[in-house]
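Now for the letters of each chain:
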Amino acid sequence: MKRITPRQWAILEALRDHLATYGVGLTVRELGERVGLASSSSASHQLHRLEAARLLTRSGREWTTMTLTGAAMKLLAHRPLVGSRRVV
């Protein structure tokens, strides 16, 4: 798997939080606003990249039907918090 960019991390975290709260995915426009993307086109591009990396799946054509895959959840669970140090 390729590296996940900081923007993609922000998208995954926003989706995780929204799915946990509401049970459905965000629209492309909502997602772009939440993570600070300039256009819905750039948000859609990032979603397609995450889908190609098998971190997102959709049950329909719309992005609101997306869910995070097990691989995405595993990545999110093991991501260190910003500013934290790993103690060995």
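Predicted model, so just to flag it, every value in this text is computed and none were measured.

Brief notes about the packing of helix α1 (residues 6–22) against helix α4 (residues 70–77)
Pairs of packed helices are described in terms of their axes, by the angle between the two and the distance that separates them.
Moving on, step 1. Contact pair α1 / α4: the axes reach a minimum separation of 11 Å and the direction vectors enclose 105 degrees. One element, α1, and the other, α4, form an angle in the roughly perpendicular class. Judged by residue contacts, Trp 9, Leu 12, Glu 13 and Arg 16 of α1 engage Ala 72, Met 73, Leu 75 and Leu 76 from α4.
Moving on, step 2. Split by residue class, the contact of α1 with α4 holds 6 nonpolar, no polar and 2 charged.

So, the nonpolar core
Nonpolar side chains in soluble globular proteins tend to be buried together.
Moving on, step 1. Ile 11, Leu 12, Leu 15, Leu 31, Leu 47, Leu 56 and Leu 68 are the most contacted members of the largest nonpolar core, which has 22 residues in total.
Moving on, step 2. Taken together, the elements giving at least two residues each to this core come down to α1, α2 (28–35), α3 (40–52), β2 (66–68) and α4.
Moving on, step 3. For this core, the leading source of residues is α1, giving 6 residues.

Quick notes on the packing of α2 against α3
Moving on, step 1. Where α2 meets α3, the closest approach of the two axes is 8 Å, and the angle between their N-to-C directions is 95 degrees. The pairing of α2 with α3 is recorded here as roughly perpendicular in orientation. Contacts from Val 28, Leu 31 and Gly 32 of α2 reach α3 at Ser 40, Ala 43, Ser 44 and Leu 47.
Moving on, step 2. Residue classes in the contact of α2 with α3 are distributed as 4 nonpolar, 3 polar and no charged.

Quick word on the environment of Leu 12
Moving on, step 1. Among the structural elements, Leu 12 can be located in helix α1.
Moving on, step 2. With 64 residues separating them in the primary sequence, Leu 12 and Leu 76 have C-alpha atoms 7.8 Å apart.
Moving on, step 3. Residues in contact with Leu 12, not counting those within four places in the same chain, are Leu 50, Leu 55, Leu 56, Leu 68, Ala 72 and Leu 76.

What to know about the pattern of salt bridges
Side chains that differ in charge, positive against negative, can pair when their charged atoms come close.
Moving on, step 1. Evaluation of the coordinates by the stated rule reveals 2 salt bridges.
Moving on, step 2. The residue Glu 51 makes a salt bridge to Arg 58 at a minimum N-O spacing of 3.1 Å.
Moving on, step 3. Assessed through its relative accessible area of 25%, Glu 51 is described here as partly exposed.
Moving on, step 4. Taking relative accessible area as the criterion, Arg 58 reaches 27% and is therefore assigned partly exposed.

Some thoughts on α3
Moving on, step 1. The end-to-end C-alpha distance of α3 is 18 Å, a good match for the 18 Å that 13 residues give at a rise of 1.5 Å each.
Moving on, step 2. The secondary structure elements touched by the buried residues of α3 are α1, α2, β1 (56–58) and β2.

Re the side chain of Gln 46
Moving on, step 1. With respect to the helices, strands and loops of the structure, Gln 46 is situated in helix α3.
Moving on, step 2. When its relative accessible area of 12% is taken as the criterion, Gln 46 is described as buried.
Moving on, step 3. Apart from residues no more than four positions distant in its own chain, Gln 46 is found in contact with Thr 5, Arg 7, Gln 8 and Ile 11.

The rules behind these values
- Residues numbered from 1 in each chain as written.
- Predicted model: local features only at pLDDT ≥ 70, side-chain atom pairs only at ≥ 80, totals over all residues.
- Heavy atoms only, no water.
- Axes fitted to C-alpha atoms, helices over the stretch in contact; angles between N-to-C directions.
- Helix = DSSP H or I, 4+ residues; strand = E, 2+ residues; numbered from the N terminus.
- Parallel < 35°, antiparallel > 145°, perpendicular 65-115°, else oblique.
- Contact = heavy atoms within 4.5 Å.
- Nonpolar A, V, L, I, M, F, W, Y, C, P; charged D, E, K, R; others polar.
- Core = buried A, V, L, I, M, F, W, Y, C linked by side-chain atoms within 4.5 Å.
- Buried < 20%, exposed > 50% of the residue type's maximum accessible area, 1.4 Å probe, protein only.
- Salt bridge = Lys/Arg side-chain N within 4 Å of Asp/Glu carboxyl O.
- Expected span 1.5 Å × (residues − 1).

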